[in-house]
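# Results of the structural survey
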Amino acid sequence: MDFQVLKDSVYSSPAFVLDEIEVTKALEILAELRTQCGCKILYSIKSLPFSAVMDMAKPFVDGFSVSSLFEARLADEVLAGQSSIHLTTPGIRQDELDELSLLCSHISFNSLTQHQRYSETAGAQSSIGLRVNPKLSFLHDERFDPCRQHSKLGVAIDELSHSICLDQIEGLHVHNVFSATDFTPLIKTIEKLQQHLGAGLAQLEWLNIGGGYLFGQIEDHRPFVELVNKLKHDFGVEVYIEPGKAIVGRAGHLVATVLDRFVSDGETIVILDTSINHNPEVFEYQRQPELHEHDPDGQYAAILAGCTCLAGDVFGQYRFKEPLEVGDKVVFKNVGAYTLIKANRFNGYNLPDIYLSNSLRVKKMKHYDYQDYRRQWLAD
Ligand SMILES: *Cc1c(COP(=O)(O)O)cnc(C)c1O
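Residues numbered from 1 in each chain as written. Predicted model: local features only at pLDDT ≥ 70, side-chain atom pairs only at ≥ 80, totals over all residues. Heavy atoms only, no water.

### A short note on the site of the ligand
Lining the immediate surroundings of the ligand are 14 residues, of which Lys46, Gly212, Glu242, Lys245 and Tyr338 lie closest. Between the ligand and Lys46 there is a distance of 2.9 Å, counted from an oxygen atom to a side-chain nitrogen or oxygen. A distance of 3.0 Å is found between an oxygen atom of the ligand and a backbone nitrogen or oxygen belonging to Gly244. Taking 390 Å² as the accessible area of the ligand by itself, protein coverage stands at 88%. (Near = heavy atom within 4 Å. Polar contact = N/O pair within 3.5 Å; in protein donor to acceptor, adjacent residues only side chain to side chain. Areas by Shrake-Rupley, 256 points an atom, 1.4 Å probe, with all protein chains shown as cover.)

Right, dumping it as structure tokens:
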């Protein structure tokens with residue numbers, strides 16, 4: 001991505017730019033994996049459920065994975081019945097079950113109680129599975145760790161191995177990492193599943209090994225290919241993966257414009273026309289996003305801050321070769337996943353416009369305006 005060209009061709013600000021070339025690259029890597037080992041690929045739409053991404057993904061994937069009725073409806077609208085939709089969530093509601101099971105080819109219940117309550121109804125339309133919690137932590141931050149103490153995600157593996165439910169399901173779902181850049185967690189997870197469930201795995205039709213692996217940032221895919229081949233050979237199961245961030249993480253960039261610059265207690269503050277409300281994980285996890293203009297050797301330091309009234313609405317301190325001036329544009333890079341979907345209009349600031357860029361052009365795909373804000377907040 002040529003960020004200078006991007007800044008010149010994006011004519012409204014703030015803007016979220018989706019790089020079609022990066023999305024395609026990520027999808028091609030996954031398609032290559034599928035050729036090598038026959039795994040099935042689902043796009044986990046919760047990372048960015050934008051129709052342009054789903055349209056791009058559609059020819060490359062075997063379906064989408066979803067976590068709610070609205071996601072399932074949107075997935076169905078895009079897929080138009082052409083591929084499968086897989087659901088797992090702790091939040092299944094009785095009043096949505098019929099529609100969910102019509103829309104979703106596969107449902108993995110999050111608990112034994114959920115399974116007991118709903119599997120008979122849902123099983124008439126959908127292939128039923130269970131989310132298993134392998135009780136293997138690979139993450140230091142427990143806010144991301146599905147295998148933390150007292151986890152709400154999935155049936156504990158030792159409980160499952162003693163449950164009669166194992167005979168009543170067609171699939172298992174496991175998801176226990178976030179942004180992993182090697183396959184060690186996966187190998188250990190599958191080992192543990194085999195130890196506890198043994199031949200029980202051979203009774204299954206499918207095994208969904210979740211998302212969380214950044215395939216594009218992992219050099220050697222052979223351990224994955226071998227593992228999937230072995231699972232297919234030993235147990236005769238279909239193996240699904242459901243990446244989200246691996247498809248869109250490096251394909252989304254947030255362009256913002258400098259509104260003001262001043263000095264506060266000796267540090268330069270630069271106010272942007274975006275805010276952490278356009279990328280809430282910056283605040284939630286106190287994580288500083290990459291900035292294209294940042295130069296570690298630059299002699300001008302500045303704290304980039306958002307335009308809302310929250311004191312902590314700050315992206316962090318960066319360094320620049322030239323001082324930033326009012327009107328300059330900056331680009332937060334690689335913020336494609338879990339950014340726009342979490343964005344909000346706090347303080348009444350509009351959401352970013354969405355652009356799609358490829359080698360030929362940068363095109364505006366979506367614009368929000370006052371009417372969207374008004375519709376959200378005026379009582380019916
Ligand atoms: C969020 C999630 C995914 C996608 O995770 P990424 O880290 O974006 O790849 C897949 N499966 C489940 C169950 C999830 O909760």
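### What about the UniProt feature "domain: Orn/DAP/Arg decarboxylase 2 C-terminal" (unreviewed entry) in the protein chain?
UniProt annotation of "domain: Orn/DAP/Arg decarboxylase 2 C-terminal" (unreviewed entry) refers to residues 119–336 when read in the numbering used here. End-to-end, the C-alpha atoms of residues 119–336 are 35 Å apart, and along that stretch the chain is 21% helix and 25% strand. (UniProt positions renumbered as here; feature names shortened; annotations may be inferred. Helix = DSSP H or I, 4+ residues; strand = E, 2+ residues; numbered from the N terminus.)

### Points about the nonpolar core
Note on soluble globular proteins: their nonpolar side chains tend to be buried together. Formed by 85 residues in total, the largest nonpolar core has its most connected members in Leu18, Tyr43, Phe64, Leu172 and Phe224. It is helix α9 (residues 222–235) that provides the largest number of residues to this core, a total of 6 residues. Viewed by domain, this core spans two of them, domain 1 (3–17 + 249–377) and domain 2 (38–243), each represented by three or more residues. If sequence neighbours within four positions are ignored, Leu18 has contacts with Val23, Leu48, Phe50, Ala52, Val53, Met56, Ala251, Tyr355, Leu356 and Ser357. With 17 residues, the next largest nonpolar core counts Ala256, Val270, Phe332 and Val335 among its residues. (Core = buried A, V, L, I, M, F, W, Y, C linked by side-chain atoms within 4.5 Å. Buried < 20%, exposed > 50% of the residue type's maximum accessible area, 1.4 Å probe, protein only. Domains from an automatic or database assignment. Contact = heavy atoms within 4.5 Å.)

### Details of the pattern of salt bridges
Enumeration according to the criterion identifies 18 salt bridges in this entry. Ionic pairing is found between Arg73 and Glu99, a salt bridge with its closest N-O pair at 2.8 Å. One end of the pair, Arg73, is in helix α4 (residues 69–79); the other, Glu99, is in helix α5 (residues 97–103), with 26 residues separating them in the sequence. You can call Arg73 partly exposed: its relative accessible area is 37%. In the salt-bridge network here, residues are joined through shared partners; they are Glu281, Glu284, Arg287 and Lys342. (Salt bridge = Lys/Arg side-chain N within 4 Å of Asp/Glu carboxyl O.)

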